[in-house]
Amino acid sequence: METGTGETTDERMALVLRISSSPEFRRATKLRDFLVYVVEQTLQTQGSSLNEQQIGRAVFGRASDYSPSEDNVVRAHARQLRVKLSEYFSTTGKDEPLVLEIPKGTYAPVFSQRAQVAAAPVEGSPKRRSSRILAWVVLAVVAGSLGASAFLAVQNRVLQRQLATSLGA
């Protein structure tokens, strides 16, 4: 089955399986359940009927009279899920051609093709430059601290001599 953005349901579910078996989700069983549920529901019904109460009942075992305004379990887990997805796509899934996000304000996942970015030369990469700048800043702070310590040590000796002279006189 192909969807409107060119990916098939199989590609999307394969991505979800890779995500849910990744180190980021290994110990997060409820987040995995949440992710799989919202993706399956979205792919089956295009996400139009996906709501907080439905997720609370299906994923978190809440009663049929569950009130999302009194129990924020779905919202709290949705925030955690967004963080874990971001973590996955910046580490383990950094080479995934397809990206999955759950935008704020909705529980329906959105799949998109990852933008292809040309690799920057290693020599002039911003990360390398910022590391170099950070090293110089740290060096300057250490040198300044040593200079201030030496100055204070000299001042301390001068004041001790003055005190000894004034007490001895």
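None of the values given here were measured: they were computed from a predicted structure. All residue numbers here refer to positions counted from 1 along the written sequence of the relevant chain. Per-residue local features are limited, in this predicted model, to residues with pLDDT of at least 70; the limit for side-chain atom pairs, both in listing and counting, is 80 or more; totals at the level of whole chains, interfaces and linings are taken over all residues. Note: side-chain values were computed over all heavy atoms of the structure, leaving out hydrogens and water.

**A short note on the overall build of the protein**
Thinking step 1. Runs of E in the DSSP output that reach at least two residues are strands. Runs of H or I that reach at least four are helices, and both are numbered from the N terminus. Per the secondary structure count, the protein includes five helices and two strands.
Thinking step 2. Across the protein, helices and strands are ordered from the amino to the carboxyl terminus as α-α-α-α-β-β-α.
Thinking step 3. Think of it in three bands: residues with accessible area under 20% of the maximum for their type are buried, residues over 50% are exposed, and the middle band is partly exposed, with areas taken using a 1.4 Å probe on protein chains only. Looking at the protein residue by residue over its 169 residues, the buried ones come to 31%.
Thinking step 4. Carbon and sulfur atoms provide 58% of the accessible area of the protein, an area that totals close to 11,300 Å². Surface exposure here means Shrake-Rupley accessible area, sampled with a 1.4 Å probe, where a residue is shielded only by the protein chains that are shown.

**Observations concerning the environment of arginine 18**
Thinking step 1. Relative to the helices and strands, arginine 18 resides in helix H1 (residues 9–20).
Thinking step 2. C-alpha separation for the pair arginine 18 and glycine 93, spaced 75 residues apart in sequence, amounts to 8.5 Å.
Thinking step 3. Not counting the four nearest positions on each side in its chain, arginine 18 is found in contact with Tyr88 and Glu96. Only heavy atoms matter for contacts: two residues are in contact if any of them lie within 4.5 Å across the pair.

**Examining the nonpolar core**
Thinking step 1. Throughout this description, the term nonpolar core refers to a set of buried Ala, Val, Leu, Ile, Met, Phe, Trp, Tyr and Cys residues connected via side-chain atoms within 4.5 Å. Counting residues in each nonpolar core, the largest one holds 32 residues, and the members touching the most others are Ile19, Phe34, Ile55, Leu85 and Leu100.
Thinking step 2. Taken together, the elements giving at least two residues each to this core come down to H1, helix H2 (29–45), helix H3 (52–60), helix H4 (73–90) and strand E1 (98–101).
Thinking step 3. Among all residues touching phenylalanine 34, those that are not within four sequence positions of it are Ile55, Val59, Phe60, Val74, His77, Ala78, Leu81 and Tyr107.

**A word on the layout of surface pockets**
Thinking step 1. For the largest pocket, the calculated volume is near 160 Å³.
Thinking step 2. Any residue with an atom within 4 Å of a point lines the site, the site being either a cavity, points on a 1 Å grid over the protein atoms alone where a 1.4 Å probe fits but cannot get out, or a pocket, an open set with protein on both sides within 12 Å along at least 5 of 7 lines. If you trace the largest pocket, you find it lined by Arg82, Leu85, Ser86, Phe89, Ser90, Val99, Leu100, Glu101, Ile102 and Pro103.
Thinking step 3. When contributions to the lining of the largest pocket are tallied by element, the ones reaching two or more residues are H4 and E1.
Thinking step 4. Take the lining of the largest pocket: its biggest share by element is five residues, from H4.
Thinking step 5. Looking at the lining of the largest pocket residue by residue, the classes come out as six nonpolar, two polar and two charged. Grid points are joined across faces, edges and corners, and a volume is the space filled by probe spheres set on the points. Here the term charged refers only to Asp, Glu, Lys and Arg, the term nonpolar to Ala, Val, Leu, Ile, Met, Phe, Trp, Tyr, Cys and Pro, and the term polar to all other amino acids, Gly among them.

**A few points about H4**
Thinking step 1. For H4, which comprises 18 residues, the first-to-last C-alpha distance of 26 Å matches the rise-based estimate of 26 Å (1.5 Å per residue) to within 8%.
Thinking step 2. Where H4 is concerned, the buried positions are Val73, Val74, His77, Ala78, Leu81, Arg82, Leu85, Tyr88 and Phe89. Relative to the axis of H4, the buried residues are bounded by an arc of 160° and lie together on one face. Residues Val83 and Ser90 are exposed on H4 and point more than 90 degrees away from its buried face.
Thinking step 3. On its buried face, H4 sits against H1, H2, H3 and E1. The span you would expect from a helix comes to 1.5 Å times its residue count less one. Taken from the helix axis, the directions to the C-beta atoms give the arc we talk about.

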